[in-house]
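Secondary and tertiary structure notes
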Amino acid sequence: MHISTPRGIRFDCSGCGNCCLQWPVPVTAADYERIRGLSYGEAEFRKLNSTRENLYQFTHTLEKRADGRCKFLTAENRCQLHTDHGQESKPSMCSLFPYTFMVTPDAVLASLSFASSAVLYNTGKLLSEQDEVLANQYKRFQQSFNTQTERWQNLQLIDGIGLSWKDFAELDRALMDIVYEQCDSETTLPRKLRSKLQKMSKMVTSLLPSPGAAERDPKLESRPKIVDQLLLKYLDLLYFPKDVFADSSYDLKTRELMMALVAAPEAVLLGDDNGGKFSDLIKLKLGKLPEEIEELVDRFLYVKVFSKFYFGPGFHHLSLLAGIHHLQYVELLFRLKLKQAIVNNRIAVPLKFEDSVELLRILERRITQLDLSKESISVLEILCSSPERAARVQFLAE
Ligand code: SF4
């Protein structure tokens, strides 16, 4: 099947070793046996019991040293396995990284992980010029991941309203037309993804049975409701936990969130006890971010939309509308984290590209590792479905 590539997205390995830090690499049974058979002493593996369908081939994770570095990463940032035994001796995930693929009934969509420095900095060859590399990497991907396409037949427009693949494909053409507005070249990155996501939400909302109700005035001037604030707070705890490298829970704190919703607190803090109050974050205006940061965020959002890693089988089987809104919340959260860091004097204005890079890397690593329970997915679907909520909170990003 033809491998489609996103526009204006580049990658060449810079050899920085950052991909070998701070996250447990999932390994297949074959990887596990092969690496244990090599004479390096006992590498630390942790048994994996994930129920995630796209991780079904992985039996263990390769644990890190206490400082977060992979046991096989040398002081020169080289992989010892690769150096001693060649590329094929590494865990298949490492050989694949940062390439990833989404297999739909009509196409194979190539994309990249934003946990990679070269991807974050968009350096190297355009993906559209990497046919041979992509073909080889896709072969690897097929050996480890679920490439069945039937799972795309059970999509939902919103919870309870089914969407056939044929109907989605037609709708997706219109959604991608929005993404490619004012982007005529096949090699140029589409921009203004933030406002384009809002348009996508409106288009999908107009297809709901009672669009009149859904398109009500979102009351942008109103303060975000407590439920909006709590949703953002718990998404923040999920994506930016207090100790991001030690936290090994990759699920939404759903019960806590439900109890907080019932308790209806007067004020909500973003993050932990040191987090800024929403009222403080509203007062601080970010304005337009430096161009290179806006471009980074556009790339991140575009790649997620292009590769369909935001709803359906790509993202916990959320409905299309909830998936669009979840992506909007993730982007909003990124801006709120910048505001929070400014309020707490952790970063200075004008913002530096590097501050944003590390935030986005943390976010991407967490997204990749999410292991949400059924309850969490249901709650996300319910809270993320509302077009009014998604529109109402946007002013928080200003
Ligand atoms: S096994 Fe090698 S490539 Fe994989 S994380 Fe460790 S050092 Fe990096």
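Here is a short report on the structure shown in this document.

1. Comments concerning the pairing of strand 3 (residues 25–28)
Across a regular strand the side chains alternate sides, sitting on one face of the sheet and then on the other. By the alternation rule, side chains of strand 3 split into Val25 and Val27 and Pro26 and Thr28, which are all buried. With four bridges connecting them, strand 3 and strand 5 (residues 58–62) associate as antiparallel partners. Residue Val27 lies in a different strand from strand 5, and its bridge partner there is His60.

2. Observations regarding helix 9 (residues 226–239)
If you check helix 9, its first and last C-alpha atoms are 20 Å apart, about what 14 residues at 1.5 Å a residue would give, namely 20 Å. Burial runs high along helix 9: eleven of the 14 residues are buried. Asp228, Gln229, Leu230, Leu231, Leu232, Lys233, Tyr234, Leu235, Asp236, Leu238 and Tyr239 are the residues of helix 9 that are buried. Residues of helix 9 that are buried make contact with helix 10 (254–263), helix 11 (278–283), helix 13 (320–343), helix 14 (353–369), helix 15 (374–385) and helix 16 (387–392).

3. Some thoughts on the sheet that holds strand 4 (residues 45–47)
With antiparallel pairing, the three strands of this open sheet are ordered in space as 3-5-4. Every other strand in the sheet has two partners, leaving strand 3 and strand 4 as the edge strands with one partner each. Averaged over all adjacent pairs, the angle separating strand axes in this sheet is 40°, with direction ignored. As paired strands, strand 4 and strand 5 are joined by three bridges and run antiparallel to one another. By the bridge assignment, Lys47 is partnered in strand 5 with His60. In the packing of helix 1 (residues 29–37) onto the sheet, contacts are made with strand 3, strand 4 and strand 5, and the angle to strand 3 comes to roughly 90°.

4. Observations concerning the environment of Leu109
Within the element layout of this structure, Leu109 appears in strand 7 (residues 108–112). Considered as a pair, Leu109 and Phe45 are 64 residues apart in the sequence and their alpha carbons are 31 Å apart. When residues no more than four places from it in sequence are discounted, the contact partners of Leu109 are Ser4, Thr100, Phe101, Met102, Thr104, Phe306, Ser307 and Lys308.

5. Notes on the nonpolar core
Phe101, Met200, Tyr239, Leu320 and Leu396 are the most contacted members of the largest nonpolar core, which totals 110 residues. Considering every element that reaches this core, the biggest residue donor is helix 13, with 14 residues. Counting only domains with at least three residues in this core, you end up with domain 1 (3–147) and domain 2 (226–397). Those residues in contact with Phe101 that sit more than four places away from it in its chain are Ile3, Leu96, Val108, Leu109, Ala110, Leu134, Gln137, Tyr138, Phe141 and Phe309. Counting twelve residues, the second largest nonpolar core, distinct from the first, contains Ile35, Phe45, Leu73 and Leu81.

6. A few points about the pairing of strand 7
With five of five residues buried, strand 7 lies mostly within the body of the structure. Side chains of strand 7 alternate between two faces, with Val108, Ala110 and Leu112 and Leu109 and Ser111 buried alike. The pairing of strand 1 (residues 3–4) with strand 7 spans two bridges and is classified as parallel. Note on strand 7: the bridge partner recorded for Ile3 is Val108.

Reading the values: rules and limits
- Residues numbered from 1 in each chain as written.
- Predicted model: local features only at pLDDT ≥ 70, side-chain atom pairs only at ≥ 80, totals over all residues.
- Heavy atoms only, no water.
- Buried < 20%, exposed > 50% of the residue type's maximum accessible area, 1.4 Å probe, protein only.
- Helix = DSSP H or I, 4+ residues; strand = E, 2+ residues; numbered from the N terminus.
- Pairing = 2+ DSSP bridges.
- Expected span 1.5 Å × (residues − 1).
- Contact = heavy atoms within 4.5 Å.
- Axes fitted to C-alpha atoms, helices over the stretch in contact; angles between N-to-C directions.
- Core = buried A, V, L, I, M, F, W, Y, C linked by side-chain atoms within 4.5 Å.
- Domains from an automatic or database assignment.

Note that all results are geometric; they support no functional claim without further evidence.
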